[in-house]
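Spelled out from the first residue to the last, the chains are:
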Amino acid sequence: MEREGIGLTPALKKGGVYASEVVKLLKPHEAAVEILHVNGGGHKDYYALVIIQGWKSPKVIVMGNSTEMTELLSDESTDLPAKINKVYAIDSRTYQLCWEGVQKVLPPTVKTVYLSAAGVYEGLSFAAISGAAGKRVGDTYQIRYVVSTSEIAEKTLMPSKTITSRSALLLGNVLYSCPESPGQLPGRCRLTGPHVDSLIKKAKAKSTLLHQSAATENSLAGLDLRSYDIIHFATHGDFTNRTPDDLKFSRRLTIYQNSEAFLRLAASDCAKKVIKEKSEDGILTATEITSYMDLNAELVVLSACNSAIGTSQGSEGMFGLFRAFKSAGVKKVIATLWEVDDKRTAEFMKYFYTNLFKPSATVESAFETTQLFVRKSLGWTPYEYGGLVLLN
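Residues numbered from 1 in each chain as written. Predicted model: local features only at pLDDT ≥ 70, side-chain atom pairs only at ≥ 80, totals over all residues. Heavy atoms only, no water.

## Points about the pattern of salt bridges
Turning to step 1, where the next piece is worked out: Scanning the model with the defined rule gives 8 salt bridges in all.
Turning to step 2, where the next piece is worked out: A salt bridge links Glu151 to Lys326; the nearest nitrogen and oxygen atoms lie 2.9 Å apart. Of this pair, Glu151 sits in helix H9 (residues 150-154) while Lys326 sits in helix H13 (residues 321-327); the two residues are 175 residues apart in sequence, bridging distant segments of the chain.
Turning to step 3, where the next piece is worked out: Among the residues examined, Glu151 registers a relative accessible area of 5% and is labelled buried. (Salt bridge = Lys/Arg side-chain N within 4 Å of Asp/Glu carboxyl O. Helix = DSSP H or I, 4+ residues; strand = E, 2+ residues; numbered from the N terminus. Buried < 20%, exposed > 50% of the residue type's maximum accessible area, 1.4 Å probe, protein only.)

## Here we look at the pairing of strand S1 (residues 30-37)
A regular strand carries its side chains on alternate faces of the sheet.
Turning to step 1, where the next piece is worked out: For S1, the buried fraction is high: 6 of the 8 residues fall into the buried class.
Turning to step 2, where the next piece is worked out: With 5 bridges connecting them, S1 and strand S4 (residues 112-116) associate as parallel partners. In the sheet register, Val33 faces S4, and the bridge partner there is Leu115.
Turning to step 3, where the next piece is worked out: Direction of pairing for S1 relative to strand S2 (residues 46-52): antiparallel, over a ladder of 7 bridges. Counted as the bridge partner of His37 is Tyr46 from S2. (Pairing = 2+ DSSP bridges.)

## Observations concerning unusual backbone geometry
Turning to step 1, where the next piece is worked out: One non-glycine residue, Asp91, lies in the positive phi region at around 55°.
Turning to step 2, where the next piece is worked out: Mapping Asp91 onto the fold places it in the loop between helix H5 (80-87) and helix H6 (93-98).
Turning to step 3, where the next piece is worked out: On the accessibility criterion, Asp91 (44% relative accessible area) is partly exposed.

## Here we look at the confidence of the model for the chain
Turning to step 1, where the next piece is worked out: Chain-level pLDDT for the chain is 78 on average; 76% of the residues reach the 70-or-more range.
Turning to step 2, where the next piece is worked out: When the criterion is pLDDT under 50, residues 180-191 qualifies, and its contacts beyond four places in sequence or with other chains add up to 39 contacts. (pLDDT = per-residue confidence, 0-100. Contact = heavy atoms within 4.5 Å.)

## Examining the nonpolar core
Turning to step 1, where the next piece is worked out: By size, the foremost hydrophobic cluster in this structure holds 111 residues, and its most contacted members are Tyr121, Phe126, Phe325, Phe352 and Tyr353.
Turning to step 2, where the next piece is worked out: With residues near it in sequence (within four places) discarded, Tyr121 still touches Ile35, Tyr46, Met63, Gly64, Met69, Leu97, Cys98 and Phe126. (Core = buried A, V, L, I, M, F, W, Y, C linked by side-chain atoms within 4.5 Å.)

## Description of the environment of Glu347
Turning to step 1, where the next piece is worked out: Within the element layout of this structure, Glu347 appears in helix H14 (residues 342-356).
Turning to step 2, where the next piece is worked out: In this structure the C-alpha to C-alpha distance between Glu347 and Val374, which are 27 residues apart in sequence, comes to 9.3 Å.
Turning to step 3, where the next piece is worked out: Sequence-distant contacts of Glu347, that is, excluding residues within four places in its chain, are made with Leu378 and Trp380.
Turning to step 4, where the next piece is worked out: Of the polar contacts made by the side chain of Glu347, one reaches the side chain of Arg344; its length is 3.2 Å. (Polar contact = N/O pair within 3.5 Å; in protein donor to acceptor, adjacent residues only side chain to side chain.)

As structure tokens, this is what we get:
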């Protein structure tokens, strides 16, 4: 249904992309890893196709089955940090199921891995996975998350470049409630925008700040969004896959298969009270981003919970906010895999933007430098840093 709105991708139009086309464009230090989910009725139904420069065809790695992965990730504990840290513990089952087989076939010359995951693997922070020696995947490889490794052959992956004009749009510190009862939502992910605004100004960059009751869909619609190099959303984000009767926000979330990734803007918890066709409801959905936004940003930061999560459509990858912003014209997206901690995420963004505005820095170098610093120098746990991922 998304294709009806944005058209077929170049790969689907021409009938697919072959491994031989990807190989031609891989550099000596690069590898492409495509994780596939094949309906196998409980058998070994997850596989990784690995290819590097010079190989005539991909090597096929047996990853595991749905049952194993589901059990690994289905800890019923209400302590989210403990649950996440257990999954990424040193020498855990996660490494055996998710990376050990891939690691064995990658030559030591490979430093960058373009990775496209499927099914339950889509919610994993591969850089945070740790082997027996306590060395994490991110220590050895630069993981480049992509919708599909076919993008290498399609040449749609944008090369790294320094952000020079530095014009930023920041949205945060949102008042989610109706005017008659203003307030904030409880729980995690109530991240604010002013701390980012101050960093932008220190870098002598232009910034526009939408916050509190001004952080609305109408405010976004009234701006020339193509003029911004950076767009930063510091708000609540989530993904719903419920029946219409269960939806708490807006009927518009039921349009596509009763599932939708979304960001919550001002007055969004009033949507269930005042729902009118074609009216603003405070819910910025992936569908709306794809259909109505025209962007040219080098980077969109989704400093919001679960913003990297979406609906998995087999080997076509995940449909969600990341794919929506990419379709709207964004080069790179920073998003989250789980309910991140407010304080830690705000601190991460402080270090990230400081690194980003250094001479010759790119989005990738700034992100990876920051992640390495908070993990090794500050001692952050996988829960605290692993949920933030850079999507190409």
